[in-house]
Amino acid sequence: MARAGVASRRKSEKLIIEGKVKVNGKVVKELGVKVDPEKDIIEVNGKPIKKEKPVYIMLNKPAGYITTMDDPFDRPIVLELVKDIPQRLHSVGRLDCDTEGLLLLTNDGSLTYALTHPSHQIDKVYLVKVKGSIDSEAIEKLEKGIELEDGMTAPARVELIKRKKNYSVIKMTIHEGRKRQVRRMMDAVGYPVLKLKRIKLGPLTLGDLKPGKYRHLSQKEIKVLKKIEKNVRS
């Protein structure tokens, strides 16, 4: 199901447990049942699925777009920026509405699982513009880990890019994926975020891709990502 682009691996497991999946007309609730996608008829919510060609898209997400597949508040969603891609895509992880930068979109659920599972520690690199002239004490706290309401963060790697009287710019590397994590970390040390942009995800680098534009990953990039997935499985 994940490989067919129906949902991520975890969501696919949930659909199975909830009894929403049929194989050859029979409901299957047991995880790990082996099927032959070339011979067996697999249905999700009464609709047959077929394996799609895997697609890997890098999008430079602009601020103001959300990464969920739909929104009750009718805000713009990132899938509107890739309307010409026929496959059913989902985002690998999330960027909050106000955050810009590198977002990976794919229909490869297995790869999504490998890149987003908390135990796999895939680096995410952000350019962070904050209010105020950040001091070395705040940077040291970030590098040791910050106590947030949902627990202690892992140590971040921080590089000072620019420090002015009214604002500073740092490059921050983290591997966790907590909700609004970078913003909450900066609030905790007293330097609220003015602008946040992700420039790297694992081996992928945003480069000069313009906001709102996307490109297909190169075969070399895909090969590196699939190697990460293979290492996670082993």
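If you're wondering where the values come from, they're calculated on a predicted model, not measured in any experiment.

What counts as what
- Residues numbered from 1 in each chain as written.
- Predicted model: local features only at pLDDT ≥ 70, side-chain atom pairs only at ≥ 80, totals over all residues.
- Heavy atoms only, no water.
- Salt bridge = Lys/Arg side-chain N within 4 Å of Asp/Glu carboxyl O.
- Helix = DSSP H or I, 4+ residues; strand = E, 2+ residues; numbered from the N terminus.
- Buried < 20%, exposed > 50% of the residue type's maximum accessible area, 1.4 Å probe, protein only.
- Pairing = 2+ DSSP bridges.
- Core = buried A, V, L, I, M, F, W, Y, C linked by side-chain atoms within 4.5 Å.
- Contact = heavy atoms within 4.5 Å.
- Arc of directions from axis to C-beta.
- Polar contact = N/O pair within 3.5 Å; in protein donor to acceptor, adjacent residues only side chain to side chain.

Student: With reference to specific residues and values, describe the pattern of salt bridges.
Tutor: Scanning the entire structure with this criterion turns up 13 salt bridges. A salt bridge links Arg184 to Glu149; the shortest N-O distance between them is 3.0 Å. Residue Arg184 is located in helix H4 (residues 181–188), and its partner Glu149 is located in the loop between strand S9 (147–148) and strand S10 (151–152); the two are separated by 35 residues in the primary sequence. The partner of Glu176 in a salt bridge is Arg178, with the nearest N and O atoms 3.2 Å apart. What makes Glu176 buried here is its relative accessible area of 19%. Each member of the salt-bridge network shares a partner with another, and the members are Glu149, Asp150, Glu176, Arg178 and Arg184.

Student: I'd love a proper account of the pairing of strand S11 (residues 157–163), names of residues and values included.
Tutor: Sheet faces and side chains relate simply in a regular strand, where the side chains alternate between the two faces. When S11 meets strand S12 (residues 167–174), the two strands line up antiparallel, connected through 6 bridges. In the sheet register, Arg157 faces S12, and the bridge partner there is Thr173. The loop that links S11 with its antiparallel partner S12 comprises 3 residues.

Student: Report on the nonpolar core, specifying residues and quantitative values.
Tutor: For soluble globular proteins, nonpolar side chains are generally found buried alongside one another. By size, the foremost hydrophobic cluster in this structure holds 32 residues, and its most contacted members are Leu105, Val128, Leu142, Ile170, Met172, Val182 and Met186. Among the secondary structure elements, those contributing two or more residues to this core are strand S5 (56–61), strand S7 (100–106), strand S8 (124–131), helix H3 (136–144), S12, H4 and strand S13 (193–201). Setting aside chain neighbours within four positions, we find Ile170 in contact with Tyr126, Leu127, Val128, Ile134, Leu142, Val158, Glu159, Leu160, Ile161 and Met186. Core analysis: the next-biggest nonpolar cluster, separate from the first, contains 16 residues, Leu104, Leu206, Leu225 and Ile228 among them.

Student: Lay out H3 in plain terms, naming residues and giving numbers.
Tutor: Residues of H3 that are buried: Ala138, Ile139 and Leu142. Taken around the axis of H3, the buried residues stretch over an arc of 100°, which confines them to a single face. Exposed side of H3, more than 90 degrees from the buried face: Ser136 and Lys144 are the residues found there. Of the surrounding elements, those touching the buried residues of H3 are S11, S12 and H4. Looking one or two places after H3, you find Gly145, whose phi comes out positive at around 110°.

Student: Now, about the side chain of Asp96: what can you tell me, with residues and values included?
Tutor: Assignment of secondary structure puts Asp96 in the loop between strand S6 (90–91) and S7. Using a relative accessible area of 18% as the deciding quantity, one classes Asp96 as buried. In this structure the side chain of Asp96 is engaged in a polar contact, spanning 3.0 Å, whose partner is the backbone nitrogen of Asp98. Residues within four places of Asp96 in sequence aside, it is in contact with Lys61, Tyr65, Arg180 and Arg183.

Student: Give a detailed account of helix H2 (residues 109–116), specifying residues and quantitative values.
Tutor: In an α-helix, one turn spans 3.6 residues; hence positions three or four apart end up facing the same way. Here H2 lies mainly inside the structure; 7 of its 8 residues are buried. Measuring from the backbone nitrogen of Ser110 back to the side-chain oxygen at the start of H2 gives 3.2 Å, which picks out Asp108 as the cap.

Student: I'd like to hear about the sheet that holds strand S2 (residues 26–27), residue by residue, with values.
Tutor: If you walk across this open sheet you meet the 4 strands as S2-S1-S3-S4, and the pairing is antiparallel. Pairing within the sheet leaves two strands with one partner each, and these edge strands are S2 and strand S4 (47–48). Two strands pair when backbone bridges link them, and strand S3 (residues 42–44) and S4 are joined in this way by 2 bridges, in the antiparallel orientation. Within S4, the position partnered with Glu43 by the bridge is Pro48.

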